[in-house]
Amino acid sequence: MRKIVIITLLMALSIYVFATVNINVWFSWEGQKEFETLVNKFNESQSLYHVSLVYIPDMTQKLQISLSAGTQLPDVALVRNDVIGMLANAKVITPVSTTVSMLPAFLRSFELNGKLYAYPYYADLQVVYLNKSIYSKSVSYDWTLDDFEKIASSIKETGHVGLSMDSFSSYFFNSFYAAFNGSKIPLKNGIPIVNNEGTKKAFEFYNDIFNVKKIAVSYNKSALIQSFKSGKAGMLIQGSFLIPDFLSSKLDFTILPYPVLDGKMIPPTFDAKGFVIFTDNEAVREFLNYISRPENEEFFCKSTYKLPANIIAMHELENSNDFFKVMDLSARNALIVPTTTIFNDAYSNAITTALQLYLTKQMSLDESLQKAQEYINSQAK
């Protein structure tokens, strides 16, 4: 009888020791097929851990709903850097450390109060798409804002839209907001400052290209993309994530970094994605270390045209492709927008409304920015 008990205990212990640990991972945005391949390779490479992958179409909304309802969160989720403030405030994610060498922009994207809250994975950047069938001249990477306007005017003279861009989007305005304020977001005690001379100049620039010179036309996102794909617009400001789509559509295009203003590149928003940890254990860290290897990041980013966080992978890709050269150059001059709630909610809402009121001539420049500042300040209290 004693032997049976011992054998039973040993069997139970062996099952416990060798039981596979399941890792629940939520994934979103582009690259689902490529990431599934990496997950399968990880699962096949060892028997201790198994990743269960779930694709989430709208990650931010899903996380907000889960937090509000108190429902089960995954062990790991891929997020955009602008939700770090929300998740850290909810005390549901764990600060992390990583030994992967990467550009400072990746680390700064996920830092809050001096702590890193995600494993940086990749980034998309705002770039200028140029339709080479409409404008075939070579353009230097150090082109100026004056060059930018001249090219848009030249394209307009051929009967095309010079520039296609969403005039009311705070996401795209942020780059010009920073550029006209000395290449940084002006903050005072963490509160964005919009009622100042730099922001007025940015508003006036928008008014000049959209309403005065009329070299730019505003569309919503889907119409923006279609205007470029159909050959209606010669230039388009959008994220680098569109490169695979345009390549598959056989478009004759190139990408350019943002132009230079006062000796500095207009800083493109650094749209970083990284993995936040809800369950901190060895299994999760093993998985994140695996997908962060140079060869695995290079595999994921090569066909998706993402800028990898791993700097070894980045160098391999930029040496093989001009698109990655532009993305790397842009990343080294990128704008890291604050991850605070006051910026992502109050500022974004206020500046969008102010742009609409000013560009549609419903309110003067001074009044629109004054109202925007008052709203931001009221939400900061």
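Above this text you will find the structure in question.
Described in the following lines is the structure provided in the data block. In this text, all values refer to a predicted model and were calculated from it rather than measured experimentally.

Reading the values: the criteria
- Residues numbered from 1 in each chain as written.
- Predicted model: local features only at pLDDT ≥ 70, side-chain atom pairs only at ≥ 80, totals over all residues.
- Heavy atoms only, no water.
- Helix = DSSP H or I, 4+ residues; strand = E, 2+ residues; numbered from the N terminus.
- Buried < 20%, exposed > 50% of the residue type's maximum accessible area, 1.4 Å probe, protein only.
- Contact = heavy atoms within 4.5 Å.
- Areas by Shrake-Rupley, 256 points an atom, 1.4 Å probe, with all protein chains shown as cover.
- Polar contact = N/O pair within 3.5 Å; in protein donor to acceptor, adjacent residues only side chain to side chain.
- Pairing = 2+ DSSP bridges.
- Right-handed = clockwise from strand over helix to strand, strands pointing away.

## Overview of the overall build of the chain
Then comes step 1: On a plain count of helices and strands, the chain comes out with 16 helices and 16 strands.
Then comes step 2: In terms of overall dimensions, the chain has a C-alpha envelope of 95 × 50 × 30 Å along the principal axes.
Then comes step 3: The buried share of the chain, taken over its 381 residues, is 51%.
Then comes step 4: A separation threshold of at least 6 residues defines the contact pool for the chain, and within that pool the share at least 24 residues apart is 74%.
Then comes step 5: When the accessible surface of the chain is totalled, it reaches about 17700 Å², and 51% of it is carbon and sulfur.

## Quick look at the environment of Gln 126
Then comes step 1: Assignment of secondary structure puts Gln 126 in strand β6 (residues 119-131).
Then comes step 2: We classify Gln 126 as buried; its relative accessible area is 0%.
Then comes step 3: Not counting residues up to four positions away in its chain, the partners in contact with Gln 126 are Tyr 171, Phe 172, Ser 175, Gln 238, Gly 239, Tyr 258, Pro 268 and Thr 269.
Then comes step 4: Engagement of the side chain of Gln 126 in a polar contact is seen with the side chain of Ser 175, the distance being 3.0 Å.
Then comes step 5: Looking at Gln 126, its side chain comes within polar contact range of the side chain of Thr 269, at 3.3 Å.

## Here's the deal with the side chain of Ser 66
Then comes step 1: Inspection of the secondary structure puts Ser 66 in helix α3 (residues 59-69).
Then comes step 2: Owing to a relative accessible area of 3%, Ser 66 belongs among the buried residues under this scheme.
Then comes step 3: For Ser 66, the side chain forms a polar contact with the main-chain oxygen of Lys 62, separated by 2.9 Å.
Then comes step 4: Filtering out sequence-adjacent residues up to four positions away, Ser 66 remains in contact with Trp 26, Thr 71 and Leu 73.

## Side note on the pairing of strand β2 (residues 49-55)
Then comes step 1: Here seven bridges tie strand β1 (residues 21-27) to β2, and the two strands are oriented parallel to one another. Paired with Asn 24 across the strands is Ser 52, a residue of β2.
Then comes step 2: One crossover worth recording links β1 to the parallel β2 by way of helix α2 (residues 32-45), and it is right-handed.

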